[in-house]
Amino acid sequence: QVQLVESGGGLVQPGGSLRLSCAASGSIFKIVDMGWYRQAPGKQRELVAVITGGGSTNYADSVKGRFTISRDNAKNTVYLQMNSLKPEDTAVYYCNANGGYGLDYDAFNSWGQGTQVTVSS
């Protein structure tokens, strides 16, 4: 299977920045889409940003202009640069990736364990 490990969360003041990273490992044949989701207390998990293998991106309206998603295909890693952070960005951020693994190109859709982002003064 494919494992995802996130890093880079923490506590930041409003207006500050953080950069999240997520590295995929395992018998990866190809990663198609990579993305970030978040879940705030009492709310459903929501899409933050996604990037395709070709580099196309899509963002939630609430983060457009403030967050930037990118990926390094050679390292099987996706990043989320978060600027101008607001208290409402506080949530657990989860990495997601899908594609194929192993010799038979079995499909996978994996999630990371989550990393806490807290925006507070």
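Before any of the text, the structure's been laid out above.
Residues numbered from 1 in each chain as written. Predicted model: local features only at pLDDT ≥ 70, side-chain atom pairs only at ≥ 80, totals over all residues. Heavy atoms only, no water.

A. Examining the overall build of the protein more closely. Counting its regular elements, the protein contains 0 helices and 11 strands. When its helices and strands are written in sequence order, the protein yields β-β-β-β-β-β-β-β-β-β-β. Taking 14 Å as the expected radius of gyration for a compact globule of 121 residues, we find that the protein reaches 14 Å, a close match to that expectation. Across its three principal axes, the protein shows a C-alpha extent of roughly 50 × 25 × 25 Å. Burial analysis of the protein (121 residues in total) assigns 40% to the buried set. For the protein, long-range pairs separated by at least 24 residues make up 56% of all intrachain contacts whose partners lie at least 6 apart in sequence. Carbon together with sulfur atoms contributes 47% to the accessible area of the protein, which is approximately 6,300 Å² in total. (Helix = DSSP H or I, 4+ residues; strand = E, 2+ residues; numbered from the N terminus. Rg over C-alpha atoms; globule rule 2.2 N^0.38 Å. Buried < 20%, exposed > 50% of the residue type's maximum accessible area, 1.4 Å probe, protein only. Contact = heavy atoms within 4.5 Å. Areas by Shrake-Rupley, 256 points an atom, 1.4 Å probe, with all protein chains shown as cover.)

B. Structural detail: unusual backbone geometry. One non-glycine residue, Ser84, adopts positive backbone phi at about 50°. Along the polypeptide, Ser84 turns up in the loop between strand S8 (77–82) and strand S9 (91–101). With a relative accessible area of 41%, Ser84 lands in the partly exposed category. Positive phi, normally seen in glycine, also occurs at Tyr105, with a value near 55°. Mapping Tyr105 onto the fold places it in the loop between S9 and strand S10 (106–111).

That's the geometry; what it means functionally is another story.
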